[in-house]
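Here are the chains, one letter per residue:
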Amino acid sequence: MEAPLIEPMLTAPFRVRKNRKETADTRTLELASTNGEDVKAWRPGQFMMLYVFGAGEIPISISGDPARRDNITHTVRAVGDVSRAICQAKPGSAIGVRGPFGSAWPIDQFEEHEVVLVAGGIGLAPLRPVLYRIMANRGRYGRVCLLVGARTPDILLYRSEMYRWRKRDIDVRVTVDAAAPGWQDSVGPVTALIPRIELDSSRAVAFVVGPEIMMHFVVQALVQRGVPPDRLFVSMERNMKCAVGFCGHCQLGPAFICKDGPVLSYSQLEPWLAIRNV
Amino acid sequence: MQKDIDALLAEHQFFKEMGDAYRTLIAGCGKNVSFDTGQLLAKTDDPANEFFAIRHGRVSIELHSPERGPLILQTVEAGDILGWSWLFPPYRWTFDLRAIEQVRAISFDGECLRGKCERDPAMGYDFMKRFAQVFMKRLQAARLQLLDLYGSAPH
């Protein structure tokens, strides 16, 4: 008889080691196990369920370095009760953690390829582990391009790290919807950057994260550039509750986003994304 | 050796796959220009007698608000075309265009080009189809900017 699936449903206590301000409403938290053990191995693109007593539990992508096992890092934007409580957690306070869950970016399958990463808003957080992985193995990949879109310059994530990424031969391009004079990067939607990048589309793979409407237009622009649909991967967000495919809250067509996703190939998802209200 | 205008146009995205004869005819209305960082390429309400094929650098399309100062609406860069006020009366710029870094471009005399398009409707049609794509892309970009594409759902 198969053993009951208890551990994935069991919340482990972690302590907030650091809580760093990224923007006015976004924080990056480093969490360490209370028993001093290393965190479980995880892969870029996976998420954890974070629980704050009295507030609730939400899925949050891991945004740290996958090579580090002494802590687990999450970047959280305060948009609701639970995320606000996580953002307010002080160093030393406890947060419940379950995971890691879900599928990962297939970055290891695409060595020798050109890599295009497209992030909108907080979507840069789940792509940051990919950047760590690429930087640790930079020679294994061809051209790497990171396109970042945000509403305004003041809500851009990881601005201080972009310099470091550029130094590692990553073509980082940033665009915002609105800016005041003095802004040196682009103004316009992130889709407008796609025709401008240098890209050998026959060797390209793309990872896209952001709200679904953004991913829809980004995928269109990438296909127009010649990136094959089966080499387009997106990270989906749905109402994930149990995180192990039991409750069905996050079902999209035949897929449970928590278990089969959040990272899915676009060609696999496309027929379901076209159906409204699914 | 400095390239002539026709050779520069052949390398520009906007003129890609345009017939040599049309491109050479259009090149006759063009000249090389450059702008330093911060310099205006065009100013709102000034006569719009030209448009630009950007070869290098980035330009902001700005609107000056008396209450909020200059607001950047969009940016364009190498490979883009900038300006269509020269096409339609009253031939006046609608926005400010400012170089946000050193810009090199080809500037086209609008009146010269309008004349050539009137005399050769086939070339005019080819040219307008290319401009229509620029309109479409710029409009789509503006619509996406209005959408607040990056907003997140509350948790």
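Draft legend 1. Region of the structure containing the interface of chain B and chain A. Counting from both sides, the interface comprises 20 residues of chain B and, opposite them, 29 residues of chain A. The set of elements that each furnish at least two residues to the side of chain B that touches chain A consists of strand S5 (69-77) and helix H4 (121-146) of chain B. Among the elements that make up the side of chain B that touches chain A, the one with the highest residue count is S5 of chain B (six residues). The residue makeup of the side of chain B that touches chain A, split by class, is 10 nonpolar, eight polar and two charged.

Draft legend 2. Focus on the sheet that holds strand S2 (residues 26-33) of chain A. Residue and element names in this part refer to chain A. Overall, antiparallel pairing links the six strands, which are arranged S4-S3-S6-S1-S2-S5 in an open sheet. Every other strand in the sheet has two partners, leaving strand S4 (56-61) and strand S5 (72-77) as the edge strands with one partner each. Neighbour-to-neighbour, the strand axes of this sheet turn through a mean angle of 40°, independent of strand direction. Across the sheet, helix H1 (residues 81-88) lies against S2, strand S3 (47-52), S4, S5 and strand S6 (94-101), angled at about 75° from S4, the strand it touches most.

Draft legend 3. How the structure looks around the pairing of S3 of chain A. All names here are of chain A. In terms of burial, S3 is largely enclosed, as six of its six residues are buried. Residue alternation in S3 divides its side chains into two sets, Phe-47, Met-49 and Tyr-51 and Met-48, Leu-50 and Val-52, and both sets are buried. Strand direction decides the pairing type here: S3 and S4, joined by six bridges, are antiparallel. Residue pairing across strands places Met-48 opposite Ile-60, the latter belonging to S4. Remark: three residues form the turn of the hairpin made by S3 and S4, two consecutive strands paired antiparallel; Gly-54 in that turn has positive phi of roughly 85°. Examined bridge by bridge, S3 and S6 share four bridges and lie antiparallel to one another. Note on S6: the bridge partner recorded for Met-49 is Arg-98.

Draft legend 4. Here's a closer look at the nonpolar core. Residues Ala-206 and Val-208 of chain A are the most contacted members of the largest nonpolar core, which totals 116 residues. Excluding residues within four positions of it along the chain, Val-208 of chain A makes contact with Val-118, Met-215, Val-218, Val-219, Leu-232 and Val-234 of chain A.

Draft legend 5. Up close: the environment of Ile-197 of chain A. Residue and element names in this part refer to chain A. Along the chain, the position of Ile-197 falls in the loop between strand S10 (186-187) and strand S11 (204-209). With 16 C-beta atoms counted inside 10 Å, the residue Ile-197 sits in the partly exposed group. Those residues in contact with Ile-197 that lie beyond four places of it in its chain are Cys-145 and Asp-171.

Draft legend 6. Structural context of the pairing of strand S7 (residues 96-99) of chain B. All names here are of chain B. Because side chains alternate across S7, one face comprises the buried residues Asp-96 and Arg-98, and the other comprises Leu-97 and Ala-99, equally buried. Here strand S2 (residues 40-42) pairs with S7 via two bridges, running antiparallel. Across the sheet, the residue bridging to Ala-42 is Leu-97, located in S7. Note: strand S4 (residues 58-65) against S7, four bridges, orientation antiparallel. Note that in S7 the partner of Ile-61 across the bridge is Leu-97.

Draft legend 7. Spatial organisation of the sheet that holds strand S8 (residues 103-109) of chain B. All names here are of chain B. Pairing is antiparallel across the open sheet formed by four strands, whose spatial order is S1-S8-S3-S6. The sheet is open, and its two edges are formed by strand S1 (30-35) and strand S6 (81-82), each paired on a single side. As defined by bridge partners, strand S3 (residues 50-56) adjoins S6 across two bridges and the pair is classed as antiparallel. The residue of S6 that forms the bridge with Phe-52 is Leu-82.

Draft legend 8. Representation of the packing of helix H3 (residues 110-119) of chain B against H4 of chain B. Residue and element names in this part refer to chain B. Relative to each other, H3 and H4 sit at 120°, their axes nearing to 5 Å. Relative to H4, H3 is oriented oblique. In this structure, H3 contributes Lys-116, Cys-117 and Glu-118 to the contact, and H4 contributes Met-123, Gly-124 and Phe-127. Each residue belonging to the contact of H3 with H4 can be placed in one class, and the counts come to three nonpolar, one polar and two charged.

Rules used in this analysis
- Each chain has its residues counted from 1, following the order in which its sequence is written.
- Starting at A for chains and at 1 for ligands, labels are handed out in the order in which the entities are written.
- The predicted origin of the model limits local features to residues at a pLDDT of at least 70 and limits the giving and counting of side-chain atom pairs to 80 or more, whereas totals for whole chains, interfaces and linings rest on all residues.
- Once C-beta atoms are placed from the backbone, any two residues with those atoms within 7 Å are in contact.
- Working definition: helices are DSSP H or I runs of at least four residues, strands are E runs of at least two. Numbering for both runs from the N terminus.
- Nonpolar residues are Ala, Val, Leu, Ile, Met, Phe, Trp, Tyr, Cys and Pro. Charged residues are Asp, Glu, Lys and Arg, and all others, Gly as well, are polar.
- Strand pairing is assigned whenever DSSP identifies at least 2 bridges connecting the two strands.
- Fitting a line to C-alpha atoms yields each axis, with helices limited to the stretch in contact; the angle taken between N-to-C directions then spans 0 to 180 degrees.
- Comment: burial labels come from other C-beta atoms within 10 Å of the residue's own C-beta, placed from the backbone, where a count of 20 or more is buried, 12 or fewer is exposed, and between is partly exposed.
- When buried Ala, Val, Leu, Ile, Met, Phe, Trp, Tyr and Cys residues are joined through C-beta atoms within 7 Å, the set is termed a nonpolar core.
- Angle categories: roughly parallel below 35 degrees, roughly antiparallel above 145, roughly perpendicular from 65 to 115, and oblique for all the rest.

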